[in-house]
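These are the residues of each chain, in order.
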Amino acid sequence: MRLLPGRRCARPGCPWNGKIRMTVPSSLFDQYERQARWRPVAATVQQLGPLEGKKVADLGCGSGHVARMFAARGAQVTGIDRDAELVALAARKAPGVHWVNADLSDPGTWGRSGFDIIWSSFTIAYAPDPTTWLKRWHAALAPGGRLILMDVGGLLDHEPIGEADRETIGHFCREAAQAGLYHFDAAERLVDWLEASGFDVLGETDLHDEELTFTGPAPPDVLAAWAARLARMPRLRAAASPGFTDRFLASLTHPDHRSHSRVRAAIGRRGRDAGRWAARGA
Ligand SMILES: C[S@@+](CC[C@H](N)C(=O)[O-])C[C@H]1O[C@@H](n2cnc3c(N)ncnc32)[C@H](O)[C@@H]1O
């Protein structure tokens, strides 16, 4: 853990009054573990019904908090992520889960298991071309198996923020999608992506996330999580004018703060055309 030194909220009447003391976990694993408590995951997992003995994959598992949740409910879980350090730490925390350090664009050996459930939260937005990944994930499901996607749209869409910063954010988001780095509109596109990849869509739902879709001033731990997120986004800081990070964090603590972000989950089933994508060798 480290304390952000000397960060001050310049705005008169800031609820945190003067120096904001923010403890920022120094490792990505610890940052993801802290974020996990705000994610609307448990209720969604609950709705999947009995999980005892089910073969489940958590794709882009990060610190493995969702994989652990499935394992605690009796599923045989495989957690997959391209970040070797995250996978190693996740394995230390939950040795009973099968952890794989691999890239999701290539199902390779992990994709041959015939999963009953594939879960992927806050990860499909990173796919350069989401339908290419999803067609491969479709083939990794057992017939009738389900894929649950959860993601955010408008991650940086917060008010109040100045016009110049808003334009910078809009431009940055469009460029990130064009460069195949990140889709800031992922939540809105989940269903379209599922349909285009051969899934029968069973439904979608909007969810509240205490860090991403909250209204009113951010509490210190949420603010610290945002400070850590902005620190992980050097391209955004480079694209913005000096002081962007402080202005963005001030927006999050403003009494009239509003998030226009959406967190959405969509569920698709491997249906009648099961095998079509596999047959094409996708
Ligand atoms: C925002 S985190 C989400 C972690 C976790 N699923 C959750 O809900 O908290 C996105 C994760 O996707 C992983 N990831 C992104 N692109 C990937 C790829 N091409 N292959 C494997 N993992 C990937 C990252 O390493 C990161 O751990």
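- The name an unreviewed UniProt entry assigns to the chain is Class I SAM-dependent methyltransferase, from the organism Halovulum dunhuangense.

## Focus: the overall build of the chain
- On a plain count of helices and strands, the chain comes out with 11 helices and 11 strands.
- Counting only residues that meet the buried cut, the chain has 40% of its 282 residues in that class.

## Focus on the packing of helix α5 (residues 130-139) against helix α7 (residues 186-196)
- Interaxial distance between α5 and α7 falls to 9 Å at its minimum, and their mutual angle equals 55°. Here α7 runs oblique to α5, going by the angle between their axes. The handedness of the crossing between α5 and α7 comes out as right-handed. Counting all contacts with α5, which are made through P130, T131 and L134, the residues of α7 involved are W193, L194 and A196.
- Broken down by class, the residue content of the contact of α5 with α7 amounts to 5 nonpolar, 1 polar and no charged.

## Overview of the site of the ligand
- Among the 18 residues in the neighbourhood of the ligand, the closest are listed as G60, G62, R82, L104 and S121.
- For the shell around the ligand, the per-class residue count stands at 8 nonpolar, 5 polar and 5 charged.

## A word on helix α3 (residues 65-72)
- With respect to burial, α3 is a largely interior element, 6 of its 8 residues being buried.
- For α3, the full list of buried residues reads H65, V66, A67, M69, F70 and A71.
- Among the structural elements, α1 (28-36), α2 (42-46), β3 (55-59), β4 (76-81) and β6 (115-121) are those in contact with the buried residues of α3.
- Two residues or fewer after α3 comes G74, characterised by a positive phi angle close to 90°.

## Considerations on the nonpolar core
- Counting residues in hydrophobic clusters, the biggest one holds 56 residues, and the most contacted among them are V56, F70, I118 and L149.
- No other element matches the 6 residues that strand β7 (residues 141-153) contributes to this core.
- Judged by nonpolar contacts, the second largest core, of 12 residues, contains V222, L223, F248 and L249.

## Observations concerning the sheet that holds β4
- A sheet is described by the order of its strands in space; here 7 strands give the open sequence β5-β4-β3-β6-β7-β11-β9, paired in mixed fashion. Each end of this open sheet is capped by a strand with a single partner; those strands are β5 (98-101) and β9 (199-207). Between one strand axis and the next, the sheet turns by 15° as a mean value, whatever way the strands run.
- Where β4 lies against β5, 4 bridges are found, and the strand directions are parallel. Bridge pairing in β5 links I80 to V100.
- In the packing of α5 onto the sheet, the strands contacted are β3, β6, β7, β9 and β11 (262-270), and the crossing angle to β7 comes to about 145°.

## With respect to the environment of D129
- In this structure, D129 sits in the loop between β6 and α5.
- Since 12 C-beta atoms lie within 10 Å of it, D129 is described here as exposed.
- In this structure the C-alpha to C-alpha distance between D129 and G180, which are 51 residues apart in sequence, comes to 7.1 Å.

Conventions adopted
Residues take numbers from 1 onward in each chain, read along the sequence in its written order. Predicted model: local features are reported for residues with pLDDT of at least 70 only, side-chain atom pairs are reported and counted for 80 or more only, and whole-chain, interface and lining totals are derived from all residues. Secondary structure elements are taken from DSSP: a helix is a run of H or I of four residues or more, a strand is a run of E of two residues or more, and numbering for both begins at the N terminus. Residues are called buried when their C-beta atom has 20 or more other C-beta atoms within 10 Å, exposed when it has 12 or fewer, and partly exposed otherwise; all C-beta atoms are positioned from the backbone. Helix axes use the C-alpha atoms of the stretch in contact, all axes being lines fitted to C-alpha atoms, and the angles between their N-to-C directions lie in the range 0 to 180 degrees. Our angle categories are set so that under 35 degrees counts as roughly parallel, over 145 as roughly antiparallel, 65 to 115 as roughly perpendicular, and the remainder as oblique. Handedness of each helix crossing follows the sense of rotation of the near helix against the far helix: counterclockwise by less than a right angle gives left-handed, clockwise gives right-handed. Any two residues are considered in contact once their C-beta atoms, placed from the backbone, lie within 7 Å. Amino acids outside the nonpolar list (Ala, Val, Leu, Ile, Met, Phe, Trp, Tyr, Cys, Pro) and the charged list (Asp, Glu, Lys, Arg) are all regarded as polar, and Gly is one of them. Placing a C-beta atom from the backbone of each residue, we mark the residue near a molecule or strand if the atom is within 6 Å of it. Joined through C-beta atoms within 7 Å, a set of buried Ala, Val, Leu, Ile, Met, Phe, Trp, Tyr and Cys residues constitutes a nonpolar core. One bridge is not enough; two strands pair if DSSP finds at least two bridges between them.

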